[in-house]
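Structural overview
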Amino acid sequence: MLDVRLCTAPFDPALELRNFTRALPQAGGIVSFLGQVRAGDGVEALDLRHYAPLTLPAMRTLAGQVRGRWALDGLLIIHRSGEMVPGDPIVLVAAAARHRRDAFAAADFAMDHLKSESWFWKREKVAGQWRWIEPRMQDFEDIARWR
């Protein structure tokens, strides 16, 4: 099972994860990561933009790399774009495998690559003003460990 989606509308992470796990009863381990818009620091909204002809195909390529690297029963990647407010889900990655270590590694790899080599431009709104968010050094360090 491979499910990769780019959404412009909100999604329900609990429902998505429930459907994913129900479809994979043979999996001994399912690991998930949910990224959401952080509250605090005066953040009123987050806006994710992307280049449509590249984004979904690149997400599918990443999913193929993950599936080729670990023995998985299933992989789910859902990523939002557009404007969101604190508490809104941004990204959900779930990996299912016979054994937990493959599931953990696959989900971790997918998130590091989505975060560091993503095809999204991010900006946040604070005090009514939008500002672009640059990648952090930690993001580059996280992806370097997979090379």
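Rules used throughout
Residues numbered from 1 in each chain as written. Predicted model: local features only at pLDDT ≥ 70, side-chain atom pairs only at ≥ 80, totals over all residues. Heavy atoms only, no water. Pairing = 2+ DSSP bridges. Helix = DSSP H or I, 4+ residues; strand = E, 2+ residues; numbered from the N terminus. Axes fitted to C-alpha atoms, helices over the stretch in contact; angles between N-to-C directions. Contact = heavy atoms within 4.5 Å. Salt bridge = Lys/Arg side-chain N within 4 Å of Asp/Glu carboxyl O. Buried < 20%, exposed > 50% of the residue type's maximum accessible area, 1.4 Å probe, protein only.

Whether parallel or antiparallel, the strands of a sheet pair through hydrogen bonds between backbone atoms. Here 4 strands make up an open sheet; going across it, the order is 1-4-6-2 and the pairing mixed. A strand with exactly one partner marks an edge of an open sheet, and here the two such strands are strand 1 (2–7) and strand 2 (29–36). Put simply, the sheet's adjacent strands are angled 5 degrees from each other on average, direction ignored. Inspection of the sheet shows strand 2 paired to strand 6 (residues 89–97) by 8 bridges, in the antiparallel sense. When the bridges of strand 6 are listed, glutamine 36 appears paired with proline 89. Here helix 1 (residues 13–22) sits on the sheet in contact with strand 1, strand 2, strand 4 (74–80) and strand 6, set at roughly 15 degrees to strand 6. Against the sheet, helix 3 (residues 100–116) makes contact with strand 2, strand 4 and strand 6, and its axis sits at roughly 150 degrees relative to strand 6, the strand it touches most.

Close approach of charged atoms allows side chains of opposite charge to pair. By the definition in use, this model includes 8 salt bridges. Close ionic contact of aspartate 3 with arginine 5 constitutes a salt bridge, the shortest N to O distance being 2.9 Å. We classify arginine 5 as partly exposed; its relative accessible area is 26%. A salt bridge links arginine 145 to aspartate 108, with the nearest nitrogen and oxygen atoms 2.5 Å apart. A residue pair is termed long-range when its members are at least 10 positions apart, and arginine 145 in the segment after helix 4 (137–144) and aspartate 108 in helix 3 qualify at 37 residues. By relative accessible area, arginine 145 is classed as partly exposed at 48%.

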